Amino acid sequence: MTVDSQGAAAAAPQDAPGRAAKTLETQQTPPSPSGPKEVLQPPRGRRSLPAGVLPYLLVTPALLSMAALLLYPLIRNVILSFQQLDRKEFITRETVWTGFDNYTSLLADPDFWTVVVRSVLFTGANVFLIMLLGTGIGLLLNRLGKKMRLVLSLSLMLAWAMPIVASVTVFRWLFDEQFGVINWLMRTLGFSGYEQHNWFETGLSTLTIIAVLLVWGSIPFVALNMYAGLTTIGTELYEAAKMDGANGWRTFWAVVFPNLKPFFMITTFLEIIWIFKAFAQVYAMNAGGPDRASETLPVFAYIEGVGQFHYGLAAAISVLTILLLLAAMSFYFRLILKQEEEL
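Residues numbered from 1 in each chain as written. Predicted model: local features only at pLDDT ≥ 70, side-chain atom pairs only at ≥ 80, totals over all residues. Heavy atoms only, no water.

## Description of the packing of aromatic side chains
Inspection of every chain in the model, using the stated rule, returns 22 aromatic pairs. Where Phe 221 meets Trp 274, the ring centres are 5.0 Å apart and the plane angle is 70°; that geometry is what we call edge-to-face. Highlighted residues: Phe 221 in helix 9 (residues 203-230) and Trp 274 in helix 12 (residues 261-276), separated in sequence by 53 residues. Note on Phe 221: relative accessible area 14%, which makes it buried. On the accessibility criterion, Trp 274 (36% relative accessible area) is partly exposed. Between Trp 249 and Phe 252, the aromatic rings sit 6.3 Å apart at their centres with planes inclined by 25°, giving stacked as the arrangement. You can see Trp 249 and its partner Phe 252 sitting in helix 11 (residues 248-259), three residues apart, about one turn around the helix. One aromatic cluster in this structure is built from Trp 249, Phe 252, Trp 253, Phe 257, Phe 263 and Phe 264. (Phe/Tyr/Trp six-rings, centres within 6.5 Å; stacked < 30°, edge-to-face > 60°. Helix = DSSP H or I, 4+ residues; strand = E, 2+ residues; numbered from the N terminus. Buried < 20%, exposed > 50% of the residue type's maximum accessible area, 1.4 Å probe, protein only.)

## Observations regarding the confidence of the model for the protein
Looking at the protein, pLDDT values average 83 and 84% of them are 70 or higher. Confidence over residues 1-27 falls short of pLDDT 50; this stretch has zero contacts with residues more than four positions distant or in other chains. (pLDDT = per-residue confidence, 0-100. Contact = heavy atoms within 4.5 Å.)

## Quick look at the side chain of Arg 118
Residue placement: Arg 118 occurs in helix 5 (residues 110-143). Put simply, Arg 118 is tucked away with no salt bridge, and the nearest opposite charge, on Glu 295, sits 5.3 Å away. Setting aside chain neighbours within four positions, we find Arg 118 in contact with Leu 207, Arg 292, Ala 293, Ser 294 and Glu 295. (Lys, Arg positive; Asp, Glu negative; His and termini not counted. Salt bridge = Lys/Arg side-chain N within 4 Å of Asp/Glu carboxyl O.)

## Things to note about the packing of helix 11 against helix 12
With their axes 4 Å apart at the nearest point, helix 11 and helix 12 run at an angle of 60° to one another. Taken as axis vectors, helix 11 and helix 12 run oblique relative to one another. Contacts between helix 11 and helix 12 involve Phe 252, Phe 257, Pro 258 and Asn 259 from the former and Lys 261, Pro 262 and Phe 264 from the latter. (Axes fitted to C-alpha atoms, helices over the stretch in contact; angles between N-to-C directions. Parallel < 35°, antiparallel > 145°, perpendicular 65-115°, else oblique.)

## Here's the deal with the nonpolar core
Ranked by size, the top nonpolar core spans 47 residues in total, and within it Phe 122, Ile 209, Ile 210, Met 226, Leu 260, Phe 264 and Met 285 carry the most contacts. Counting residues per element, the ones that place at least two in this core are helix 5, helix 7 (164-174), helix 9, helix 11, helix 12, helix 13 (280-286), helix 14 (297-307) and helix 15 (311-342). A per-element tally of this core places helix 9 first, with 14 residues. Setting aside its immediate chain neighbours within four residues, Met 285 contacts Val 168, Phe 171, Arg 172, Phe 200, Ile 209, Ile 210, Leu 213 and Ala 280. Core analysis: the next-biggest nonpolar cluster, separate from the first, contains 14 residues, Phe 112, Val 115, Val 116 and Val 319 among them. (Core = buried A, V, L, I, M, F, W, Y, C linked by side-chain atoms within 4.5 Å.)

## Considering the pattern of salt bridges
Overall, the coordinates contain two salt bridges when judged by the stated rule. Among the salt bridges present, the one from Glu 295 reaches Arg 292, with a minimum N-O distance of 2.5 Å. Residue classification places Glu 295 among the buried residues on the basis of a relative accessible area of 1%. Glu 304 is paired through a salt bridge with Arg 292; the nearest N and O atoms lie 3.2 Å apart. Of the two residues, Glu 304 is situated in helix 14 and Arg 292 in the loop between helix 13 and helix 14; the sequence distance between them amounts to 12 residues.

## Describing the packing of helix 5 against helix 6 (residues 146-161)
The N-to-C vectors of helix 5 and helix 6 enclose an angle of 150°; their axes lie 9 Å apart at closest approach. By the angle between their axes, helix 5 is roughly antiparallel relative to helix 6. For the pair helix 5 and helix 6, the crossing hand works out as left-handed. Contact residues: helix 5 offers Ile 137, Leu 140, Leu 141 and Asn 142, while helix 6 offers Arg 149, Leu 152, Ser 153 and Leu 156. (Left-handed = near helix turned anticlockwise from the far one by under 90°.)

## Observations regarding the side chain of Asn 126
Among the secondary structure elements, Asn 126 is positioned in helix 5. Of the residues examined, Asn 126 reaches a relative accessible area of 1% and is grouped as buried. At 2.7 Å, the side chain of Asn 126 and the backbone oxygen of Phe 122 are in polar contact. Here Asn 126 is in contact with Ala 211, Leu 214, Val 215 and Ile 275, once residues within four sequence places are set aside. (Polar contact = N/O pair within 3.5 Å; in protein donor to acceptor, adjacent residues only side chain to side chain.)

## Describing the environment of Pro 163
Its place among the elements puts Pro 163 in the loop between helix 6 and helix 7. For Pro 163, a relative accessible area of 53% corresponds to the exposed category. Sequence separation between Pro 163 and Gly 217 is 54 residues, and the spatial gap between their C-alpha atoms is 9.8 Å.

## A short note on unusual backbone geometry
Put simply, Gly 289 and Pro 290 share a cis peptide bond, and its omega is 0°. As for its position among the elements, Pro 290 is in the loop between helix 13 and helix 14. Unlike most non-glycine residues, Asp 291 shows phi in positive territory, near 55°. Tracing the sequence through the fold places Asp 291 in the loop between helix 13 and helix 14. Even without being a glycine, Arg 292 presents a positive backbone phi close to 60°.

Listed below in structure tokens is the structure:
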């Protein structure tokens, strides 16, 4: 008993330093600031979506809507362009396949190429004037004071928001043969021959009036976007150009245009599409007259289809119109991609 007690007593002092060291080490080691690590596991019965799937699920309703509203009519229109659908087939509901006859007859028709050239020149002239005047008004907005900028911006917004039919009605009244303001103004200024001058007598004069209407309605979009782009250019760039002795024209090409080159590219691209496919303004102004001399491709397709009951031919015209737009789009897309590579 004595020996065991002494042995136990002797063993106790030997184990104490080890326990003390462990206790000291535990006290000196600070706890982890984040606490104990716990492995989070997904709740049972639910599976997470694969990475990258959620964005596609969110845009699926929009894609399905576009497919139903745009893709299906486009496919039906392409199918119709390979058929002969005139008045007889429309009444009897008979399907007559003609292959590429509609396309070959169009490509061999000089009237079709006249309308194509007219549409291209009409679009080019309108887009040039819209970009030129819109850019100038955008620069003016950037130089005006706060009150005048607000007045001009509201005026642009009102012009942009006016419905197409209402604006066409106003322009037809302005150029009316008997009660028109333009004839009255020309007589007031002393010009002769404007007692009852018909401004819609020729296709060129009709297209000129339509061009004024389109330019007037499209300038606000370019001007307001131009002003928004100008606000992103730092004042230090203008100050540096001024210190270098650059005038206003040189400042535009050295400071404004390089910084807003993407704006000019995409805006020009959008204006080409909008002007090329303009239908309501051209048709409501004079229905493509006189003698179909002011027809553009959309109006040409509408008159051939609805007016002449050549629906298959009209479908072929619309398909060729889309192909022309795709050619222009591919050209501008290449320029935009090239610019992105340079950046």
